[in-house]
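# Summary of structural features
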Amino acid sequence: MARGGRRRLQGLALGLLLALVLAPRALRAKPTVRKERVVRPDSELGERPPEDNQSFQYDHEAFLGKEDSKTFDQLTPDESKERLGKIVDRIDSDGDGFVTTEELKIWIKRVQKRYIYDNVAKVWKDYDRDKDDKISWEEYKQATYGYYLGNPAEFQDSSDHHTFKKMLPRDERRFKAADLDGDLTATREEFTAFLHPEEFEHMKEIVVLETLEDIDKNGDGFVDQDEYIADMFSHEDNGPEPDWVLSEREQFNDFRDLNKDGKLDKDEIRHWILPQDYDHAQAEARHLVYESDKNKDEKLTKEEILDNWNMFVGSQATNYGEDLTKNHDEL
């Protein structure tokens, strides 16, 4: 299993995913998601290895959002550049003809926020069964685990039973943490915190705890180096570890394991995945400016951005089945 760009591998909470396969009558709702591990800040920008088309995808998603980055992948280079030019005009908020790191950071934060709230809007109707514009724990439980709860005999002799049994209390714990008023009913904001806990301060402890539970395979309450590596790399062919895995082992020893006891506790996991001094949008904005700033004046003209258009938007002529007649100029 290879590492994808500068991101950690993403794992799914499997509750409803299994229900969709094993229980065709179950409601087609969406499961909760275990978010990507948050990486340490990248090394100095000048030390970055050259970008390739695959790693550009990270920049595309940060700059456009996941859905719109897929749509741009369908376009010809000329179409991509034309749409990118319109986006640049919007990012240049003061209209001075330059895009600064700060303007890019604001744009990236806006794109990320829009993605989160659009995601909640898409799944809201699947869970709000009584259409009262709130989602109770009972509604979520029935939408996600109803088939499992109503037909337990079908899961008794299956490893799927263990997965459902594990994920149900975990989702309930997260739901209660997001439910600030304790009424077991989520408003849109509370449900957003439930689906995207990493975006909310009061959910940070849940993010840390779930990360620990995901990686801690021996159940000792800590993450040792082998568990840390196994979360991102599988020795499927029993061959030698790639160089990047050896580098991650060094990262574990030098930067993750702060007290040098050979394992990560909750505080060290928090420092790893939720670094207080790291702003993802700021780092990505700095990266985009650094890679495109030909005259090194620390700001970008539209021409500099369009000259490096494939880093910002790309065009791979890949068919994702998107409706290309849709207007995405509102970005």
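What counts and how
- Within every chain, residues take consecutive numbers counted from 1 along the sequence as written.
- Owing to the predicted nature of the model, reporting of local features is limited to residues with pLDDT of at least 70; listing and counting of side-chain atom pairs is limited to 80 or more, with chain, interface and lining totals taken over all residues.
- Excluded from the side-chain calculations are hydrogens and water; all other atoms, namely the structure's heavy atoms, are used.
- UniProt positions are given in the numbering used here, feature names are shortened, and annotations may be inferred rather than shown by experiment.
- By the criteria applied, helices consist of DSSP H or I runs no shorter than four residues and strands consist of E runs no shorter than two, each listed in order from the N terminus.
- Axis definition: a line fitted to C-alpha atoms, over the contacting stretch in the case of helices. Angles run 0 to 180 degrees between N-to-C directions.
- Any angle that is under 35 degrees is reported as roughly parallel, and any over 145 degrees as roughly antiparallel; angles of 65 to 115 degrees are reported as roughly perpendicular and all others as oblique.
- Contacts are assigned to residue pairs that have any heavy atoms within 4.5 Å of one another.
- The residue classification treats Ala, Val, Leu, Ile, Met, Phe, Trp, Tyr, Cys and Pro as nonpolar and Asp, Glu, Lys and Arg as charged. All others, Gly included, are polar.
- Salt bridges are counted wherever a side-chain nitrogen of Lys or Arg sits within 4 Å of a carboxyl oxygen of Asp or Glu.
- Exposure is judged per residue with a 1.4 Å probe applied to protein chains only, and the accessible area is read against the type maximum: over 50% gives exposed, under 20% gives buried, and values in between give partly exposed.
- Each Phe, Tyr or Trp ring, with Trp reduced to its six-membered ring, pairs with another whose centre is within 6.5 Å; inter-plane angles below 30 degrees give stacked pairs, above 60 give edge-to-face pairs, and intermediate values give tilted ones.
- Counted as over-ring charges are cases with an Arg CZ or a Lys NZ within 6 Å of the ring centre that also lie within 35 degrees of the ring normal.
- Per residue, pLDDT measures the predictor's confidence, with a range of 0 to 100.
- Any helix carries an expected span of 1.5 Å times its number of residues minus one.
- Throughout, bend refers to the angle between the axes fitted to the seven residues that end at a position and the seven residues that start at it.
- Polar contact criterion, stated in full: a pair of N or O atoms within 3.5 Å, where within protein one must be able to donate a hydrogen and the other to accept it, and residues adjacent in sequence count only if both atoms are side-chain atoms.

### Brief notes about the UniProt feature "domain: EF-hand" (unreviewed entry) in the protein
Listed under "domain: EF-hand" (unreviewed entry) in the UniProt record, and renumbered for this structure, are residues 79-114, 115-150, 166-201 and 203-238. Spanning residues 115-150, this segment combines 75% helix with 6% strand, and its end C-alpha atoms are found 34 Å apart.

### Focus on the packing of helix H5 (residues 101-127) against helix H8 (residues 188-195)
In contact at an axis separation of 10 Å, H5 and H8 are set at 105 degrees when each is read in the N-to-C sense. Of the possible angle classes, the one that applies to H5 and H8 is roughly perpendicular. Here Ile116, Tyr117, Asn119, Val120, Ala121, Val123, Trp124 and Tyr127 of H5 lie close against H8, whose contacting residues are Arg188, Glu189, Phe191, Thr192 and Leu195. Per-class residue counts for the contact of H5 with H8 are nine nonpolar, two polar and two charged.

### Some thoughts on the packing of helix H4 (residues 77-91) against H5
Their axes nearest at 10 Å, the elements H4 and H5 cross at an angle of 110 degrees. Regarding the angle of H4 to H5, the classification is roughly perpendicular. In this structure, H4 contributes Ile87, Arg90 and Ile91 to the contact, and H5 contributes Glu103, Leu104, Trp107 and Arg110. Considering only residue class, the contact of H4 with H5 consists of four nonpolar, no polar and three charged.

### Description of the pattern of salt bridges
Scanning the entire structure with this criterion turns up 18 salt bridges. Note that Asp279 and Lys109 form a salt bridge whose closest N and O atoms lie 3.5 Å from each other. Of this pair, Asp279 sits in the loop between helix H12 (266-273) and helix H13 (280-292) while Lys109 sits in helix H5; the two residues are 170 residues apart in sequence, bridging distant segments of the chain. By relative accessible area, Asp279 is classed as partly exposed at 27%. For the salt bridge of Glu213 with Arg173, the shortest nitrogen-to-oxygen distance reads 2.8 Å. You can see Glu213 sitting in helix H9 (residues 204-215) and its partner Arg173 sitting in helix H7 (residues 159-178), a full 40 residues away along the chain. The partly exposed category is assigned to Arg173, whose relative accessible area is 29%.

### A short note on the packing of aromatic side chains
Here the structure, examined in full by the defined rule, presents 16 aromatic pairs. Centre to centre, the rings of Tyr145 and Phe164 are 6.1 Å apart; their planes meet at 80 degrees, and the pair counts as edge-to-face. With Tyr145 in helix H6 (residues 137-150) and Phe164 in helix H7, the pair connects residues that are 19 residues apart, well separated along the chain. Here Tyr145 matches Phe164 in class, with each residue buried. Aromatic side chains Phe191 and Phe194 sit 5.6 Å apart centroid to centroid with 35 degrees between the ring planes, which places their arrangement in the tilted category. A residue pair is termed a helical-turn pair when its members lie 3 or 4 positions apart in one helix, as Phe191 and Phe194 do in helix H8 at three residues. Members of the aromatic cluster, connected to one another through ring pairs, are Trp124, Tyr127, Trp137, Tyr140, Phe175, Phe191 and Phe194. Arg174 extends its terminal NZ or CZ atom over the ring of Phe194, reaching a point 5.8 Å from the ring centre. Lying over the aromatic face of Phe98, Lys299 brings its terminal NZ or CZ to 4.2 Å of the ring centre.

### So, the environment of Glu190
Among the secondary structure elements, Glu190 is positioned in helix H8. For Glu190, a relative accessible area of 9% gives the class buried. In this view, Glu190 contacts Ala178, Asp179, Leu180, Asp181 and Thr185; residues no more than four positions away in its chain are not counted.

### What to know about the confidence of the model for the protein
For the protein, the average pLDDT comes to 80, and 78% of its residues sit at 70 or higher. Below pLDDT 50 for its whole length, residues 1-36 participates in 99 contacts with residues either more than four positions away or in separate chains. For the stretch residues 316-331, pLDDT sits under 50, and the model shows 34 contacts to residues farther than four places along the chain or on other chains.

### Observations concerning unusual backbone geometry
The phi angle at Lys131 is positive, at roughly 55 degrees, despite the residue not being glycine. Given the relative accessible area of 56%, Lys131 is considered exposed. Positive phi, close to 60 degrees, is recorded for Lys260, a residue that is not glycine. Assignment of secondary structure puts Lys260 in the loop between helix H11 (243-256) and strand S6 (263-264).

### Re H8
Burial analysis of H8 places six of its eight residues in the buried class, which makes it a mostly covered element. Buried-residue contacts for H8 involve H5, strand S3 (135-136), H6, H7 and strand S4 (185-186).

### So, H6
Helix length check: H6, at 14 residues, gives a terminal C-alpha distance of 17 Å against a target of 20 Å (1.5 Å per residue), a shortfall beyond 12%. Within H6, the axis deviates most sharply at Thr144, by approximately 65 degrees. Counting buried residues along H6, 10 of its 14 residues qualify, which places the element largely inside the surrounding structure. Residues of H6 that are buried include every one of Trp137, Glu139, Tyr140, Lys141, Ala143, Thr144, Tyr145, Gly146, Tyr147 and Tyr148, and no others.

### Describing the side chain of Glu268
Looking at the element boundaries, Glu268 is found in helix H12. Engagement of the side chain of Glu268 in a polar contact is seen with the backbone nitrogen of Leu258, the distance being 2.9 Å. Beyond its immediate chain neighbours, meaning those up to four positions away, Glu268 contacts Arg256, Asp257, Leu258, Asn259 and Lys263.

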